[in-house]
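Structural overview for review
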Amino acid sequence: MKYDVLQILGVALLVLGGQGAIRQLVDHDNAGLLGGLPGGFAAGITVYLVAVAIGAVVAGWARGKAKAVGRRS
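What comes next is a walk through the structure.

Scanning the protein chain for helices and strands turns up 2 helices and 0 strands. Rg of the C-alpha trace for the protein chain: 15 Å, well past the compact-globule value of 11 Å for 73 residues, more than 25% over. Counting only C-alpha atoms and orienting by the principal axes, one finds that the protein chain spans roughly 45 × 20 × 15 Å. Put simply, the protein chain has 73 residues, and 25% of those count as buried. Working note: accessible area of the protein chain is about 4700 Å², and carbon and sulfur atoms make up 71% of it.

The following block contains the structure:
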C-alpha cells in the first residue's frame with residue numbers, strides 16, 4: 001500500500017512540475033505556483049525541472065519496489 005501512495009505522489013509531482021515548466025516556457029511572466037519565488041524565470045524553471053526529476057525517480061522507484069513484492073506485473 002505504501003508503494004502505491006508513493007507512486008501516486010511521484011506521478012503527481014511529475015505532472016505538476018511538467019505542466020508548470022511548459023507553462024513558464026510558453027509565457028515567461030506566468031510562474032504559476034512559484035509566483036512569489038525570488039530569482040525570476042531561471043529559478044522558477046529550475047524548481048519545476050527538479051520537481052519533474054524527483055517525481056520521475058520516486059514514481060519509478062515505487063513501481064520497482066511494488067513489482068519486487070508482487071503487487072505489479
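After that view of the structure, there is still more to cover.
Turning our eyes to something else, we now look at the environment of Ala 43. Looking at the secondary structure, you find Ala 43 in helix 2 (residues 40–68). The class of Ala 43 is partly exposed, set by a relative accessible area of 21%.

This next bit is on a nonpolar patch on the surface. A surface patch of nonpolar side chains, about 520 Å² in accessible area, is lined by Met 1, Val 5, Leu 6, Leu 9 and Trp 61. In terms of residues, the nonpolar patch owes the most to one element, helix 1 (residues 2–26), which gives 3 residues. Within the secondary structure, Leu 6 sits in helix 1. A relative accessible area of 30% places Leu 6 in the partly exposed class.

In a regular helix each residue adds 1.5 Å, so 25 residues correspond to 36 Å; helix 1 covers 36 Å between its end C-alpha atoms and thus fits that length. Within helix 1 the residues assigned to the buried category are Tyr 3, Asp 4, Gln 7, Gly 10, Gly 17, Gly 18, Gly 20, Ala 21 and Gln 24. Of the surrounding elements, those touching the buried residues of helix 1 are helix 2.

Right, let's talk about helix 2 for a bit. Compared with an ideal rise of 1.5 Å per residue, which puts 29 residues at 42 Å, helix 2 spans 42 Å between its outermost C-alpha atoms and is within 8% of the ideal. The elements touched by buried residues of helix 2 are helix 1. Gly 70 sits one or two residues past helix 2 and shows a positive phi near 90°.

Cut-offs and rules
- Residues numbered from 1 in each chain as written.
- Predicted model: local features only at pLDDT ≥ 70, side-chain atom pairs only at ≥ 80, totals over all residues.
- Heavy atoms only, no water.
- Helix = DSSP H or I, 4+ residues; strand = E, 2+ residues; numbered from the N terminus.
- Rg over C-alpha atoms; globule rule 2.2 N^0.38 Å.
- Buried < 20%, exposed > 50% of the residue type's maximum accessible area, 1.4 Å probe, protein only.
- Areas by Shrake-Rupley, 256 points an atom, 1.4 Å probe, with all protein chains shown as cover.
- Patch = residues over 30% accessible without salt bridge, like charges linked within 9 Å, V, L, I, M, F, W, Y side chains within 5 Å.
- Salt bridge = Lys/Arg side-chain N within 4 Å of Asp/Glu carboxyl O.
- Expected span 1.5 Å × (residues − 1).
- Contact = heavy atoms within 4.5 Å.

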